[in-house]
Amino acid sequence: MTNTAAELLDGLRQDHRNMARLLRLLRDETELISEDKLPDFALLRDVMRYMTVYSDAMHHPKEDLIYEGLRALQPSLAEGLEQVEAEHEELAELGQRLQDDIEAVIAGTEIESARVVADAKAYMHRLNEHMTWEEEDLFRRADADIDKIAIDASHLSAIDPVFGEKHETSFTNLRDKVEHDPQ
Ligand SMILES: [Fe+2]
Ligand SMILES: [Fe+2]
């Protein structure tokens, strides 16, 4: 695990770039559904699985460590931080809803494509908004005092199952797709 808050924050920014790439894949596949064309549902499932096992379970807790450190160090810079937890919960719920839609389609359950599109759009919209807020505001607040923020992230894995040096084999298809996709 990375040791300093500065390294952790660098990793969070990299995570956002990675998630933005996955959101572009999600957007393209969602467009296909809107046009009544067949998307790659297995790919969609992998994207949303990553969002659950990495973004929700690892990325957000790492951010929470930075924000807690910032709050402890500079209460005057803590404005709005209380919103973060609710947004992370909302993103997890929206992501779960979309994941359930995709699993239902793959299982052969009748489900309106308009619903899948609406759930995908809601997820993409909120995640983009949330990441923009963090990058343009929260991460910058942390930048100013990053060397003074003490964190202990030893309980959080540093392994990224898609974008890490050693990806997880269940994500091989998604990893290949990302590697061959123009950025
Ligand atoms: Fe976040
Ligand atoms: Fe984030």
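See the structure printed just above.
First, a word on what this report is: a plain description of the structure on this page. Source: prediction; values computed, not measured. (Residues numbered from 1 in each chain as written. Chains lettered and ligands numbered in written order. Predicted model: local features only at pLDDT ≥ 70, side-chain atom pairs only at ≥ 80, totals over all residues. Heavy atoms only, no water.)

## Overview of the overall build of the protein
A count of helical and extended segments in the protein gives five helices and zero strands. For the protein, the N- to C-terminal ordering of α and β elements is α-α-α-α-α. Here the C-alpha coordinates of the protein stretch approximately 50 × 35 × 30 Å along the principal axes. Going through the 183 residues of the protein one by one, you find that 44% of them count as buried. (Helix = DSSP H or I, 4+ residues; strand = E, 2+ residues; numbered from the N terminus. Buried < 20%, exposed > 50% of the residue type's maximum accessible area, 1.4 Å probe, protein only.)

## Structural notes on the side chain of Asp145
With respect to the helices and strands, Asp145 occurs in the loop between helix 4 (113–144) and helix 5 (172–180). The residues contacting Asp145, other than those within four sequence positions of it, are Leu73, Gln74 and Leu77. (Contact = heavy atoms within 4.5 Å.)

## Some thoughts on the coordination of the iron ion (ligand 1)
Every protein donor of the iron ion (ligand 1) is listed here as Glu63 (OE), His88 (NE2), His130 (NE2) and Glu134 (OE), and their distances to the metal cover 2.0 to 2.1 Å. The site at the iron ion (ligand 1) holds four donor atoms, and with the angles between them running 89 to 177°, its shape is irregular. One chain supplies every donor for the iron ion (ligand 1), spaced along it as E-x24-H-x41-H-x3-E. Here the iron ion (ligand 1) and the iron ion (ligand 2) are spaced 3.2 Å apart, with Glu63 acting as a shared donor. Of this pair, Glu63 sits in helix 2 (residues 41–73) while His88 sits in helix 3 (residues 82–106), and the two are 25 residues apart along the sequence. (Donors = N, O, S within 2.8 Å, 3.2 Å for Na, K, Ca; no water. Tetrahedral: all angles 85-135°; square planar, octahedral: opposite > 155°, others 65-115°.)

## Examining the environment of Val105
Summarising the element assignment, Val105 is placed in helix 3. You can call Val105 partly exposed: its relative accessible area is 22%. Look past the residues within four positions of Val105 in its chain and what remains in contact with it is Phe41, Ile111 and Val116.

## Things to note about the coordination of the iron ion (ligand 2)
Protein ligation of the iron ion (ligand 2) involves His16 (NE2), His59 (NE2), Glu63 (OE) and Glu134 (OE), the donor distances falling in the range 1.8 to 2.2 Å. Classification of the site at the iron ion (ligand 2) rests on its four donor atoms, whose angles at the metal span 78 to 165°, yielding the label irregular. Sequence positions of the residues that donate to the iron ion (ligand 2) give the spacing H-x42-H-x3-E-x70-E.

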